[in-house]
Amino acid sequence: MEAGALIIFALLVLFAFLGLGAWATVKVVGAAKRGVDRTITQARRTVEDTTLRAKSFGQVGVTGALAQLRLDLRNSMRATQQALYQGVQADSSLKESIHLFERLSAHGYELDDELKRLEHDPDRKRIEESLPDLRERTAKITQAADALRWAARDRARRFAQDDLDVLSAQIGVESDALRDWSPEAVDELAAAAAAWDAQQAGAGSQGSQGSQGSQASSGWAAREGRPEAAALNPPAPEVRYPWQKAPRPEATT
């Protein structure tokens, strides 16, 4: 019976380790897959931006105009996204701004897809007629994104400036305190030194009275015919200060 229970327990432990290993493998594979997907997305984005930049500089007409509109839209939206998602880590009040930006991003993705489709449309004349409307829509989206981005940056800069002002004021107060050599401060130091000297003098007088009392008790004991008690407490060591020099040893011959 005990052997069967041990076998079952060993099997349970084995299955637990196998399950834990499978879970860890799935997590590692998932993380690796997400890393690969992220790398592929960034590479695709870089290639697409480079292509758009080349089209905007190297081609004229409708193709160059569409490429420039897509490039302006993507740069503005990407910079705003980076500024907001980095700023919300230090300022939670930017969550509402991120919500607005996500709604704006929906319009941005829709416009970017439309511009991408128009790049391959053969009807160039109709595309040229729709360019003013496309420029206006792009300007509205980029202006809104720029407004969110610069507002977030101005807010962060203002907080940093306020913190720097408070810190500068505190440092100024501390610096003034360190440079305080006024007569009041010197008088306080002198009073503390005098109190220390008085305390040491009081301790010395109590020691002398104790020695006189011991001498009197010794004389009374001798008068009564009892032997004088030996001194049990050694004399107190001499108080030495750090600034005093150590006594030089006597020369031996």
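It should be emphasised that the depicted structure is a prediction, and the values quoted were computed from it without experimental measurement.

What to know about the overall build of the chain
For the chain, the count of helices and strands is five helices and zero strands. Starting at the N terminus and ending at the C terminus, the chain contains elements arranged as α-α-α-α-α. Within the chain, the fraction of its 253 residues that count as buried is 18%. Put simply, of all contacts in the chain between residues at least 6 apart along the chain, 65% involve residues at least 24 apart. Total accessible area computed for the chain in this model is approximately 20,000 Å², and 60% of it derives from carbon and sulfur atoms.

Some points on the packing of helix α2 (residues 62-87) against helix α3 (residues 95-119)
Running from amino to carboxyl end, α2 crosses α3 at an angle of 160 degrees, the nearest separation of the two axes being 10 Å. Between α2 and α3, the crossing angle belongs to the class labelled roughly antiparallel. Crossing of α2 against α3: the hand is left-handed. Looking at side-chain class alone, the contact of α2 with α3 contains 13 nonpolar, five polar and six charged residues.

Side note on a nonpolar patch on the surface
A cluster of nonpolar residues, I7, L11, L14, F15 and L18, forms a patch on the protein surface that exposes about 500 Å² of accessible area. Here L11 lies in helix α1 (residues 2-58).

Describing the nonpolar core
Core analysis: the biggest nonpolar cluster contains 22 residues, and L66, M77, L111, L115, L131, L134 and I141 have the highest contact counts within it. Of all elements in the fold, only α2, α3 and α4 (124-178) reach the threshold of two or more residues within this core. Those residues in contact with L131 that lie beyond four places of it in its chain are A65, L66 and L69.

Quick notes on the confidence of the model for the chain
For the chain, mean pLDDT is 75; residues scoring 70 or higher make up 60% of the total. When mean pLDDT is taken per element in the chain, α3 scores highest with 92 and helix α5 (residues 183-223) scores lowest with 62. Under a pLDDT of 50 for its full length, residues 216-232 has, in the predicted model, three contacts with residues more than four places off or in other chains.

Here we look at the packing of α2 against α4
Two elements in contact, α2 and α4, have axes whose closest approach is 9 Å; the angle formed by their N-to-C orientations is 15 degrees. Here α2 lies roughly parallel to α4, going by the angle between them. In this structure, the crossing between α2 and α4 has a hand that is left-handed. Considered class by class, the residues forming the contact of α2 with α4 number 16 nonpolar, five polar and seven charged.

The rules we used
- Residues numbered from 1 in each chain as written.
- Predicted model: local features only at pLDDT ≥ 70, side-chain atom pairs only at ≥ 80, totals over all residues.
- Heavy atoms only, no water.
- Helix = DSSP H or I, 4+ residues; strand = E, 2+ residues; numbered from the N terminus.
- Buried < 20%, exposed > 50% of the residue type's maximum accessible area, 1.4 Å probe, protein only.
- Contact = heavy atoms within 4.5 Å.
- Areas by Shrake-Rupley, 256 points an atom, 1.4 Å probe, with all protein chains shown as cover.
- Axes fitted to C-alpha atoms, helices over the stretch in contact; angles between N-to-C directions.
- Parallel < 35°, antiparallel > 145°, perpendicular 65-115°, else oblique.
- Left-handed = near helix turned anticlockwise from the far one by under 90°.
- Nonpolar A, V, L, I, M, F, W, Y, C, P; charged D, E, K, R; others polar.
- Patch = residues over 30% accessible without salt bridge, like charges linked within 9 Å, V, L, I, M, F, W, Y side chains within 5 Å.
- Salt bridge = Lys/Arg side-chain N within 4 Å of Asp/Glu carboxyl O.
- Core = buried A, V, L, I, M, F, W, Y, C linked by side-chain atoms within 4.5 Å.
- pLDDT = per-residue confidence, 0-100.

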